[in-house]
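# An overview of the molecular structure
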Amino acid sequence: MSKVIKGGTIVTADRSWKADVRIEGEKIAEIGENLKGDETIDAEGAYVIPGGIDPHTHLEMPFMGTTAAETFESGTFAAAAGGTTMLVDFCLPGEDGSLLNAIDDWDRKSKDQICTDISYHMAITGWNENIFNEMEAVVNERGINTFKHFMAYKGALMVEDDEMFASFKRCAELGALPLVHAENGDIVQELQQKYLAEGITGPEGHAYSRPPEVEGEAANRAIMIADAAGTPLYIVHVSCEQAHEAIRRARQKGMRVYGEPLIQHLTLDETEYFNKDWQYAARRVMSPPFRSKEHQASLWAGLSSGSLQVVATDHAAFTDKQKQMGLDNFTTIPNGTGGLEERMAMLWTTGVETGRLTPEEFVAATSTNIAKILNIYPMKGGIAVGGDADVVVWDPTISREIAVSTQKSIIDYNVFEGMTVTAQARYTLSRGEVVWAYGQNSQPQPGRGKFVRRPAFASASQALSKWKSLNTPRKIERNPLNIPSGV
Ligand code: DUC
Ligand code: ZN
Ligand code: ZN
Ligand code: ZN
């Protein structure tokens, strides 16, 4: 059974051209003109792009005394409807602290539910010999080449600098890439107490207690620790100029530091927290919080110029009821928002339609760049013969309003509700199978998705910074202490 995607304009991170795509089974078999197949998929008037990859989701994650309500089934269905064919979820160790048991746990939860492909980042939330040892199996046996470190959530997920340094060194050894959530958890905790004491108990206190400085400080610190450990670094949810500036400076010095803004930070701002409606503001509580327009402009500049490479969502969706856990105290509102389904359409509308991004840069930011960073390109992230047929027929003529009533996400609200997007996935193909067809009530089969193994990097080691001195330790043989007589 072959399929031909016909009549569209292929857009990759490199270029755009008119051609058909023939798919055999799960793979792209041929790209060219006037191709024939058993089945035709109409791409007339549309772009043909690599399936989106969202490298940052928290589906069914136990967090802040509850569990994220978006399931692996609803999340991957929402993803497919939005043109995303792969997501990377964060795997957290449970009470026993074992990384391998956590992966088994995530596999158990996701296996029968996933409609599209997934992978995991492994979280490092403490440090001991068992974790050091298990990391090798995580990379080489389980196919996970990324480890996430939370510099915030003190008393829960947060790691200290010595733990982060140890883990970063281990990543360098194993050919894995460390990720950080960059916020100074000590300062956040102090500011939370300060604002609560002043009587600021509502969602605005969330934004006040996590100012850009705490993110900038942590980003700078993580970059320096990565440099000392000799490893590249990926900073998740970069939301402000201070963190972006740290990344620009590091890259200019030759360090491989990658930055990931979220679609929410690019399109929603801090005034959302001043809404008089508590529930409205609480729905938007996430960390880092939304920022001012100036910070948004910095993130857009980073995407246009290439100092920021990837647009993600940090999809961690809690219901209205769950958000109400923090009615009297903003520090107990479960942190997180959604966006998995809207990421591509919102980025197209606010990025490509406005001229901030070219269609090729859109593909790079939603798929190709992260596929390269995660070491799965060109199997994923491209339109390439031999690669997985994760392909989206992207229709820039469908304009629609984002509405809870039509979303595939099972959450009872949407932070983008009421906004109009100007493009939509007409068809989404996951390894050659149509898992979404706009307006056709299609529903992919739960459990058809696969876990994508990501091999270790051949050489993840950072080129030693030219600013560093005393790189090669040597012991200095000194003359014995010689005290002049008569003193
Ligand atoms: N931030 C959130 O808002 N939710 C989940 C985890 C995180 O870092
Ligand atoms: Zn500390
Ligand atoms: Zn985070
Ligand atoms: Zn996250």
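Residues numbered from 1 in each chain as written. Chains lettered and ligands numbered in written order. Predicted model: local features only at pLDDT ≥ 70, side-chain atom pairs only at ≥ 80, totals over all residues. Heavy atoms only, no water.

## Quick word on the UniProt feature "domain: Amidohydrolase-related" (unreviewed entry) in the protein
As recorded in UniProt, the feature "domain: Amidohydrolase-related" (unreviewed entry) lies at residues 47-418. For residues 47-418, helix accounts for 40% and strand for 14%, while the C-alpha atoms at its two ends are 25 Å apart. (UniProt positions renumbered as here; feature names shortened; annotations may be inferred. Helix = DSSP H or I, 4+ residues; strand = E, 2+ residues; numbered from the N terminus.)

## Some details on the site of ligand 1
Close to ligand 1 lie His 58, Phe 63, Tyr 153, His 181, His 237, Met 286, Ser 287, Asp 314, Ala 316, Asn 335 and Gly 336, which account for all nearby residues. A distance of 2.9 Å separates an oxygen atom of ligand 1 from a polar backbone atom of Ser 287. Gly 336 has a polar backbone atom sitting 3.5 Å from an oxygen atom of ligand 1. Coverage of ligand 1 by the protein chains reaches 100% of its 240 Å² of free accessible surface. (Near = heavy atom within 4 Å. Polar contact = N/O pair within 3.5 Å; in protein donor to acceptor, adjacent residues only side chain to side chain. Areas by Shrake-Rupley, 256 points an atom, 1.4 Å probe, with all protein chains shown as cover.)

## Thoughts on the packing of aromatic side chains
For the structure shown, the criterion picks out eleven aromatic pairs. Taking the centre distance of 6.3 Å and the plane angle of 35 degrees together, the rings of Tyr 208 and Phe 274 count as tilted. Residue Tyr 208 is found in helix α6 (residues 203-208), and its partner Phe 274 is found in the loop between α9 (263-267) and α10 (278-283); the two are separated by 66 residues along the sequence. Given a relative accessible area of 45%, Phe 274 falls into the partly exposed group. Geometrically, the ring pair formed by Trp 348 and Phe 362 is edge-to-face, given 5.0 Å between the ring centres and 90 degrees between the ring planes. Of the two residues, Trp 348 sits in helix α13 (residues 343-352) while Phe 362 sits in helix α14 (residues 359-373), which places them 14 residues apart along the sequence. Of the aromatic side chains, those joined through ring pairs into one cluster are Tyr 47, Trp 348, Phe 362 and Trp 394. It is Arg 210 that lies over the ring of Tyr 153; its NZ or CZ is 5.5 Å from the centre. (Phe/Tyr/Trp six-rings, centres within 6.5 Å; stacked < 30°, edge-to-face > 60°. Buried < 20%, exposed > 50% of the residue type's maximum accessible area, 1.4 Å probe, protein only. Lys NZ or Arg CZ within 6 Å of the ring centre and 35° of its normal.)

## A look at the UniProt feature "modified residue: N6-carboxylysine" (unreviewed entry) in the protein
UniProt records the feature "modified residue: N6-carboxylysine" (unreviewed entry) at Lys 148, using the numbering of this structure. Note on Lys 148: relative accessible area 1%, which makes it buried.

## Points about the pairing of strand β7 (residues 47-50)
Sheet analysis places strand β2 (residues 9-11) next to β7, joined by two bridges and oriented parallel. By the bridge assignment, Ile 10 is partnered in β7 with Val 48. Where β7 meets strand β17 (residues 391-395), four bridges bridge the pair, whose relative direction is antiparallel. The residue bridging Pro 50 from the neighbouring strand is Val 391, located in β17. (Pairing = 2+ DSSP bridges.)

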